[in-house]
Amino acid sequence: MSNDVALHGHPEVVGSHEAHAHHHKETFITKYVFSQDHKMIAKQFLITGMVWAVIGGLMSVLFRLQLGFPDESFPWLEDVLGRWAKGGKISAENYYALITMHGTVLVFFVLTGGLSGTFANFLIPLQIGARDMASPMMNMLSYWFFFGGSIVMISSLFVQTGPFSGGWTAYPPLSALGDASPGSKVGMDLWIISMAMFIISQLLAGLNYISTVLNMRTKGMSMNRLPLTVWALFFTAVLGVLSFPVLLSGVVLLIFDRHAGSSFYLSDIFIASTNTALPNEGGSAILYQHLFWFLGHPEVYIILLPAMGIASEVLSVNARKPIFGYFAMIISMFAITVLAFLVWAHHMFVTGLNPFLGSVFVLLTLMIAVPSAIKVFNWLTTLFKANIRFTPAMLCAIGFVSLFISGGLTGIFLGNSTLDIHLHDTYFVIAHFHIVMGVSAFFGMFAGVYHWFPKMYGRYMNNTLAYIHFWGTIIGAYLIFWPMHYEGFAGMPRRYLDYGIWESFKQFAELNKFISIVAIITFALQFLFLFNFFYSIFKGRKVKDQNPWKANTLEWTTPINPGHGNWPGEIPEVHRWAYDYSKDGRDFIPQTEPIDPNESKH
Amino acid sequence: MVTEMRNEHIDQKNKGTHPHKFTLWVGIASIIMTFAGLTSAFIVKKHAPGWSTTEVPVIFLYSTIIILASSATVHLSLKAFKERNMLRYRSLITITALLGLLFIVCQIIGFSQLWNAGITLEGSGAAQFLYIIFGLHALHVLGGAIALFVIFFRAYSSKVRRYNVVPVEVVSTYWHFVDALWVYLYIFFLINV
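Here is what the cut-offs are and how they apply
- Along every chain, residues carry numbers that run from 1 in the direction the sequence is written.
- To label them, take the chains in the order written and letter them from A, then take the ligands in the order written and number them from 1.
- Confidence filtering applies because this is a predicted model: local features only for residues at pLDDT of at least 70, side-chain atom pairs given and counted only at 80 or more, and all residues used for totals across whole chains, interfaces and linings.
- Excluded from the side-chain calculation are hydrogens and water; included are all heavy atoms of the structure.
- A helix here means a DSSP run of H or I that spans at least four residues, while a strand means a run of E at least two residues long, and both kinds are numbered starting from the N terminus.
- As defined in this context, the radius of gyration uses C-alpha atoms, and a globule is described by 2.2 Å times the residue total to the power 0.38.
- Exposed residues in this analysis have more than 50% of their type's maximum accessible area, buried residues have under 20%, and partly exposed residues fall in between, with area computed by a 1.4 Å probe over protein chains only.
- Whether two residues are in contact is decided by their heavy atoms, any of which lying within 4.5 Å being enough.
- Charged-residue counts in this description rest on Lys and Arg as positive and Asp and Glu as negative, His and the chain ends being excluded.
- Here the site of a charge means atom NZ of a Lys, CZ of an Arg, CG of an Asp or CD of a Glu.
- Where accessible areas are quoted, they stem from the Shrake-Rupley method and a 1.4 Å probe; at the residue level, only the protein chains shown are allowed to cover.
- One confidence number per residue, pLDDT, is output by the predictor and ranges from 0 to 100.
- By salt bridge we mean one thing: a side-chain nitrogen of Lys or Arg within 4 Å of a carboxyl oxygen of Asp or Glu.
- A fitted line through C-alpha atoms represents every axis, and for helices the fit uses only the stretch in contact; the resulting angles, taken between N-to-C directions, go from 0 to 180 degrees.
- Any angle that falls under 35 degrees is termed roughly parallel, while one over 145 is termed roughly antiparallel, one within 65 to 115 roughly perpendicular, and all others oblique.
- The handedness criterion is simple: a crossing whose near helix is rotated anticlockwise from the far helix by less than a right angle is left-handed, and one whose near helix is rotated clockwise is right-handed.
- Under the scheme applied here, ten amino acids are nonpolar (Ala, Val, Leu, Ile, Met, Phe, Trp, Tyr, Cys and Pro), four are charged (Asp, Glu, Lys and Arg), and all others, including Gly, are polar.
- A quick way to say it: buried area is the sum, across both parts, of accessible area lost when two parts are put together, with a 1.4 Å probe.
- In the analysis that follows, any N or O atom pair within 3.5 Å is treated as a polar contact, provided that within protein one partner can donate a hydrogen and the other can accept it, and provided that, for residues neighboring in sequence, both atoms belong to side chains.
- The seven residues ending at a residue and the seven starting there each receive a fitted axis; the angle between those axes is the bend at that residue.
- Here, the term nonpolar core denotes a set of buried Ala, Val, Leu, Ile, Met, Phe, Trp, Tyr and Cys residues that are joined through side-chain atoms within 4.5 Å.
- For Phe, Tyr and Trp, rings pair up if their centres lie within 6.5 Å, where Trp contributes its six-membered ring, and each pair is then called stacked (planes under 30 degrees apart), edge-to-face (over 60) or tilted (otherwise).
- In this analysis the charged atom, NZ for Lys or CZ for Arg, is taken to sit over a ring once it is within 6 Å of the ring centre and within 35 degrees of the ring normal.
- Take the number of residues in a helix, subtract one, and multiply by 1.5 Å to get its expected span.
- Two distance rules govern patches: like charges are joined within 9 Å, and nonpolar side chains (Val, Leu, Ile, Met, Phe, Trp, Tyr) within 5 Å, applied only to residues with over 30% relative accessible area and no salt bridge.

## A few points about the overall build of chain A
Part 1 of the argument: Helices and strands together make up the secondary structure of chain A, namely 19 helices and four strands.
Part 2 of the argument: On C-alpha atoms alone, chain A measures out to a radius of gyration of 24 Å, which is about the 25 Å that the 2.2 N^0.38 rule sets for 602 residues.
Part 3 of the argument: Counting only C-alpha atoms, chain A reaches 80 × 50 × 50 Å along its principal axes.
Part 4 of the argument: By the burial criterion, 62% of the 602 residues in chain A qualify as buried.
Part 5 of the argument: Put simply, 77% of the contacts in chain A that link residues at least 6 apart link residues at least 24 apart.
Part 6 of the argument: Within chain A, the 34 negative side-chain charges are centred at a point lying 9 Å from the centre of the 34 positive side-chain charges.

And the structure:
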């Protein structure tokens, strides 16, 4: 009943296009631009995320050129980038701008907006059996705030003084003082505006996801029958709704420090560039770090949880086995959600944090290993003795598990405050987080795109291209980030422009070159995926089967090209959980099938 | 006030909460986190060197009384709406919106009193937090007042008769929330300054 309430503005809840014509004409604008259909909004998030991924990835290629070939100059760079690369070498300021923007773009605009934005929008209504989100209007606004934030962030690349260049964490004083660096001037203001819009977008989206999951499930879809994707996206939304506001309060104080002369974060500063001593007193940059990481750490799980959910679903469908430990999976995700709020200070072990407090955070941090290990165990046992279909989505899901294990193990090193004294701010950290949340979340995203592409566009993506893309990317990812662990153990710090002048790190010159070359190849390989994606939208093999993967979940009971409202008739009723695969001699039993009295219990 | 909100919440839950109301509750949680972030920043800063305190101007006591009164009127207007007593509902909702604006005026007077006493945004003491925290709260009240005006104009539009109680309930719950939030913030400053 509540579904009807939310959709009262849209009488055209009928599936086919013919039926649309009778009721209400959809214009190009309402269908493709200011759409309130969750499926279209999901596609908007996905494609915007892809554009961002190319921009952010290209930035990494540019700074890898500098890191791999510090002594060489590339005259063509000046042709392309102009004053960013005078004489064919990226200047120091622009190098910092590139790494800052790479981080901001990938963390927020690709892996948060692009990943949870896409799959929460697409999967939540389809998998819980709702016609749309609780508030389609807010959902639309969420995308357009995201888009607006994107435009502002891109515009900061083109201002005279350049984009913000003080690292994606935007620590003061670099972020608070315009005179601190060129990027701290207009670039930082644009960064703040863009992030504020992004936060609003995430809050609108998160509110919607939560109330949709809790309020709009179809008949019979109790919480313990939800697919794990929906559970994961639900916890993601909870994390976002509770942590982004804290970043917002941190940023509000930052704005006042920048423009109103307050000293929340500033104290006793002398600026060399203008040769002035500032009057600010009593501020503390550590306060900003607390507020930032209170979001910053949950943000890691905002990125990772959707990938976990997608991997669980894809693994189970393609292993033709029920997911192992369904409830353990939910409880683990719940534990991760709770712990995510209690570990932020492990980013701050070397800021002069009280060592006793540090040890509490070590304990809480290492506790995250428990739910993570449970999840890994469950994924592996789902694969164990399974009749695996190696679809591209399945390969990517397995790739996700592999990367999550490799990256998760190094997290145990970094979670120790004593080891962190040596490892913090080295390439070891870079390697750790890129594997565990960067690349692995990308593999979760790839898995999701390959798996649900038939539902999104009614066509398949090309498998051969997908296999080449998968193997190239996973080998590339390991070749890029594995060697960084060695550099990090040797103490090589991150964020430096040129390591050639350091005797201790000269030995890594060839290794850096190798990493850069692999990074460029791996980046180029992503165009294979993009080509595959866009080509298949128009020319891919058409889906003939309503349920191409033989999956149990509700999205495969909709027509091949569902209209706004998803189901042409009644929303189907749910009678069982989503994971009845290979049961009682049957390959799969959809959630809509009533339970047979003779059926065995799971 | 808080317990009243809670009971209301449970009652709705049993009937199955309307999605919009549920969205509001999640939104409230998120606003709470914003202010929790700011007030915990206050506590962290309080023990740092260079902290300065300021007396909370008396006018904020009047604004407390005003917002408590407006909470009562919004409650009564919801009751009137449910009883289909539209005349009473309209006048009560008007009074509530006006009290909300009066509250904001009081806040502005409080700010200017502080400002004229020479306490500006320069520095990092209690007063600077007060400007930001109370200011941000006033923005939330302003949002509530705008929502009140929206349902106020709806009540006066003669074209459609609206008996859907959900929008009124959403606005009134939000209004009680900004009221409770204010009481928390006011007491927080009284204790900590």
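## Regarding the overall build of chain B
Part 1 of the argument: Along the backbone of chain B there are six helices and zero strands.
Part 2 of the argument: The order of α-helices and β-strands along chain B, N terminus first, is α-α-α-α-α-α.
Part 3 of the argument: Counting all 193 residues of chain B, 53% fall into the buried class.
Part 4 of the argument: Partitioning the contacts of chain B with sequence separation of at least 6, the portion at a separation of at least 24 is 82%.
Part 5 of the argument: On chain B, roughly 9,000 Å² of surface is accessible, and the fraction owed to carbon and sulfur atoms is 66%.

## Quick word on the confidence of the model for chain B
Parts of the prediction with low pLDDT should not have their coordinates interpreted in detail.
Part 1 of the argument: Summarising the model, chain B shows a mean pLDDT of 86, and 89% of its residues fall at 70 or more.
Part 2 of the argument: Below a pLDDT of 50 lies the segment residues 1-15 of chain B, which in the model reaches 16 contacts outside its immediate sequence neighbourhood of four places, other chains included.

## Brief notes about the environment of B:Gly123
Part 1 of the argument: Topologically, B:Gly123 is positioned in the loop between α4 (86-116) and α5 (126-156).
Part 2 of the argument: As a C-alpha pair, B:Gly123 and B:His140 span 17 residues in sequence and 25 Å in three-dimensional space.
Part 3 of the argument: Non-local contacts of B:Gly123, meaning those with residues more than four positions away in its chain, are made with A:Gly261, A:Ser262, A:Ser263 and B:Gln128.

## A short note on the pattern of salt bridges
Part 1 of the argument: Evaluated as defined, the whole model comprises 14 salt bridges over all chains.
Part 2 of the argument: Linking A:Asp545 and A:Lys550 is a salt bridge whose minimum nitrogen-to-oxygen distance equals 2.7 Å.
Part 3 of the argument: According to the relative accessible area criterion, A:Asp545 is partly exposed, its value standing at 30%.
Part 4 of the argument: On the basis of relative accessible area, A:Lys550 is assigned to the partly exposed category, the value being 29%.
Part 5 of the argument: In this structure, B:Lys21 and B:Glu169 form a salt bridge, with 2.5 Å as the shortest nitrogen-oxygen distance. Within this pair, whereas B:Lys21 is found in helix α2 (residues 19-46), its partner B:Glu169 is found in helix α6 (residues 166-192), the two being separated by 148 residues in sequence. The pair formed by B:Lys21 and B:Glu169 is uniform in burial state, with each residue classed as buried.
Part 6 of the argument: A single salt-bridge network, built from bridges that share partners, covers A:Arg576, A:Asp580, A:Lys583 and A:Glu599.

## Quick word on the packing of helix α9 (residues 186-215) of chain A against α2(B)
When two helices pack together, their arrangement is given by the angle between their axes and by how far apart the axes lie.
Part 1 of the argument: With their axes 9 Å apart at the nearest point, α9(A) and α2(B) run at an angle of 130 degrees to one another. With respect to α2(B), the axis of α9(A) lies oblique. Note on packing geometry: the crossing formed by α9(A) with α2(B) is right-handed. Residue-level contacts link A:Leu203, A:Leu207, A:Ile210, A:Ser211, A:Leu214 and A:Asn215 of α9(A) to B:Pro19, B:Phe22, B:Thr23, B:Val26, B:Gly27 and B:Ser30 of α2(B).
Part 2 of the argument: Residues belonging to the contact of α9(A) with α2(B) are distributed by class as follows: seven nonpolar, five polar and no charged.

## What about the interface of chain A and chain B?
Part 1 of the argument: If you look at the interface, chain A gives 30 residues, while chain B gives 25 residues.
Part 2 of the argument: The contact between chain A and chain B buries some 2,400 Å² in all, and 76% of this surface belongs to carbon and sulfur atoms.
Part 3 of the argument: In this assembly, chain A and chain B are joined by five residue pairs in polar contact (both at pLDDT 80 or more).
Part 4 of the argument: Counting only elements with at least two residues in the side of chain A that touches chain B, the list comes to α1 (2-6), α9, α10 (228-259) and α11 (285-319) of chain A.
Part 5 of the argument: It is α10(A) that provides the largest number of residues to the side of chain A that touches chain B, a total of eight residues.

## A look at helix α6 (residues 92-114) of chain A
Part 1 of the argument: Helix geometry: α6(A) is bent most strongly at A:Leu106, by close to 35 degrees.
Part 2 of the argument: Within α6(A), 20 of the 23 residues are buried, which leaves the element mostly enclosed by the surrounding structure.

## Some remarks on the nonpolar core
Residues and elements named next belong to chain A.
Part 1 of the argument: Among the nonpolar cores identified, the biggest contains 255 residues, and Trp379 and Phe400 are the most heavily contacted of them.
Part 2 of the argument: For this core, the element with the most residues is α11, which contributes 21 residues.
Part 3 of the argument: For phenylalanine 400, the contacting residues outside a window of four places in its chain are Leu304, Ala307, Met308, Ala311, Trp379, Ser440, Phe443 and Gly444.

## Structural notes on the environment of A:Pro590
Residue and element names in this part refer to chain A.
Part 1 of the argument: Locating proline 590 in the fold gives a position in the segment after β4 (586-588).
Part 2 of the argument: Counting along the chain gives 13 residues from proline 590 to tryptophan 577, while the straight-line C-alpha distance between them is 8.7 Å.
Part 3 of the argument: Those residues within four positions of proline 590 in sequence are excluded, and the remaining contacts are Asn552 and Arg576.

## Examining the packing of aromatic side chains
All names here are of chain A.
Part 1 of the argument: Inspection of the entire model under this criterion finds 86 aromatic pairs over all chains.
Part 2 of the argument: Summarising the aromatic geometry, the rings of phenylalanine 400 and phenylalanine 404 are spaced 5.9 Å apart at their centres and angled 10 degrees between planes, so their arrangement reads as stacked. Of this pair, phenylalanine 400 and phenylalanine 404 are both found in helix α15 (residues 392-414), four residues apart, which corresponds to roughly one turn of the helix. The same class applies to phenylalanine 400 and to phenylalanine 404, which are both buried.
Part 3 of the argument: Taking the ring centre of tyrosine 457 as reference, the NZ or CZ of lysine 43 above it sits at 4.7 Å.

## Let's talk about the side chain of A:Ser194
Part 1 of the argument: Counting through the fold element by element, A:Ser194 comes out in helix α9.
Part 2 of the argument: In this structure the side chain of A:Ser194 is engaged in a polar contact, spanning 2.8 Å, whose partner is the backbone oxygen of A:Gly149.

## Brief notes about α10(A)
Part 1 of the argument: For α10(A), spanning 32 residues, the distance from its first C-alpha to its last is 46 Å, which sits close to the expected 46 Å at 1.5 Å a residue.
Part 2 of the argument: Trailing α10(A) by a residue or two, A:Gly261 shows a phi angle of about 80 degrees, which is positive.

## Some words on the side chain of A:Thr48
Residue and element names in this part refer to chain A.
Part 1 of the argument: Looking at the secondary structure, you find threonine 48 in helix α4 (residues 38-68).
Part 2 of the argument: Within the structure, the side chain of threonine 48 is placed 2.6 Å from the backbone oxygen of glutamine 44, a separation counted as a polar contact.
Part 3 of the argument: The residues touching threonine 48, leaving out its near neighbours within four places in the chain, are Tyr143, Phe146 and Ser150.

## Structural notes on unusual backbone geometry
Part 1 of the argument: With an omega dihedral of 5 degrees, the bond running from A:Pro172 to A:Pro173 counts as a cis peptide bond.
Part 2 of the argument: Tracing the backbone shows A:Pro173 in the loop between α8 (136-155) and α9.
Part 3 of the argument: The backbone phi angle of A:Arg320 is positive, close to 50 degrees, even though this residue is not glycine.
Part 4 of the argument: As for its placement among the helices and strands, A:Arg320 is situated in the loop between α11 and α12 (326-340).
Part 5 of the argument: Within the chain, B:Arg84 stands out as a residue other than glycine whose phi angle is a positive 60 degrees.
Part 6 of the argument: By relative accessible area, which is 52% here, B:Arg84 ends up exposed.

## Considering a nonpolar patch on the surface
Residues and elements named next belong to chain A.
Part 1 of the argument: Together, Leu380, Ile405, Leu409, Ile412, Phe413, Leu419 and Phe489 make up an exposed nonpolar region whose accessible area comes to about 580 Å².
Part 2 of the argument: By the secondary structure assignment, leucine 380 is in helix α14 (residues 369-383).
Part 3 of the argument: Judged by its relative accessible area of 42%, leucine 380 is partly exposed.

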